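# A look at the structure
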Amino acid sequence: MVRVISSGRLRVDNGPHMQAAVAASFEVILARHRRSSGVARRYLRDFLGQVPDGAGFLDSGALVIGELVANAVVHARVSPGREIAVRLEMVHGHLRIEVHDASNERPGIRRSTGLDDVSGRGLRLVEELSSEWGWGPRPEGIGKIVWALVGPEGGA
Ligand SMILES: Nc1ncnc2c1ncn2[C@@H]1O[C@H](COP(=O)(O)OP(=O)(O)OP(=O)(O)O)[C@@H](O)[C@H]1O
Ligand SMILES: [Mg+2]
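Let me sum up the structure you'll find in this document. As the structure is a prediction and not an experimental result, all values here were calculated from the model. (Residues numbered from 1 in each chain as written. Chains lettered and ligands numbered in written order. Predicted model: local features only at pLDDT ≥ 70, side-chain atom pairs only at ≥ 80, totals over all residues.)

## What to know about the nonpolar core
For clarity, the threshold we go by: To count as a nonpolar core, a set of buried Ala, Val, Leu, Ile, Met, Phe, Trp, Tyr and Cys residues must be joined through C-beta atoms within 7 Å. Three exposure classes are used. Buried residues have 20 or more other C-beta atoms within 10 Å of their own C-beta, exposed residues have 12 or fewer, and partly exposed residues fall in between, all C-beta atoms being placed from the backbone. Helix numbering and strand numbering both begin at the N terminus, where a helix is a DSSP run of H or I of at least 4 residues and a strand a DSSP run of E of at least 2. Contact definition: two residues whose C-beta atoms, as placed from backbone geometry, lie within 7 Å.
By size, the foremost hydrophobic cluster in this structure holds 29 residues, and its most contacted members are Ile-65, Leu-68, Val-69, Val-86, Ile-97 and Val-99. For this core, the element with the most residues is helix H2 (residues 58–75), which contributes 7 residues. Once residues within four sequence positions are removed from consideration, Val-69 is found in contact with Leu-30, Ser-36, Ser-37, Ala-40, Ile-84, Val-86 and Val-99.

Written out as structure tokens, the structure reads:
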């Protein structure tokens, strides 16, 4: 089942052409707005609620998705109307989180964050909480995909 949100309206597409879609995947379009991290966390919770043992991915997944969406909102400075896409999928027992934005600027971990620095910790958190993360160009258009693989709580 794939759901798409656009301009605040939720559309659930269960049409026959969607039947072949991977059951445990989900996509949503979000505005470049500071509230979108919270919206993404809610969708993650709902998505994991439909996945066997999904609850075990919620704590780390919520932190990771929040940071990745916040980065897309804050750092991917693009024209109005260029929204953020979030894609969730279960892959080999891991939660794959993708956040697509329309900027070609690359994310980069800040290694030298001082104790008093107010920013620069988000991707380090992502690195800590995921088994793997990375980014690459968006195949179907401008911009990029930042992704992370999150394992189950207490798992590898
Ligand atoms: N989606 C993105 N598009 C463009 N640049 C990005 C993106 N995500 C991260 N970056 C770059 O990588 C840097 C490090 O990101 P990180 O999330 O670790 O820190 P931050 O966003 O600056 O601060 P914090 O997350 O602690 O509020 C950012 O300052 C930015 O330059
Ligand atoms: Mg950040």
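## Let's talk about the site of ligand 1
Threshold: Note on definitions: a residue is near a molecule or strand provided its C-beta atom, placed from the backbone, lies within 6 Å of it. Here the term charged refers only to Asp, Glu, Lys and Arg, the term nonpolar to Ala, Val, Leu, Ile, Met, Phe, Trp, Tyr, Cys and Pro, and the term polar to all other amino acids, Gly among them.
Not every one of the 18 residues close to ligand 1 is listed here, only the nearest: Asn-71, Pro-107, Ser-119, Gly-122 and Leu-123. Looking at the shell around ligand 1, the elements with two or more residues in it are H2 and helix H3 (122–129). A total of 5 residues in the shell around ligand 1 trace back to one element, the largest contributor, which is H2. A breakdown of the residues in the shell around ligand 1 according to their chemical character gives 6 nonpolar, 7 polar and 5 charged.

## Some thoughts on the sheet that holds strand S4 (residues 84–91)
What counts, and what does not: Between any two strands, at least two bridges found by DSSP are needed for them to pair. Lines fitted to C-alpha atoms define the axes here, with helix axes fitted over just the stretch in contact, and angles between the N-to-C directions of these axes take values from 0 to 180 degrees.
Strand order in the open sheet made by the 5 strands is S3-S4-S5-S7-S6, with antiparallel pairing throughout. This sheet does not close on itself; its edge strands, each paired only once, are strand S3 (25–30) and strand S6 (132–137). Along the sheet, successive strands turn relative to each other by an average axial angle of 15 degrees, direction set aside. Strand direction decides the pairing type here: S4 and strand S5 (residues 94–101), joined by 7 bridges, are antiparallel. Bridged to Val-86 within S5 is Val-99.

As far as function goes, none of this settles anything; it's purely spatial.
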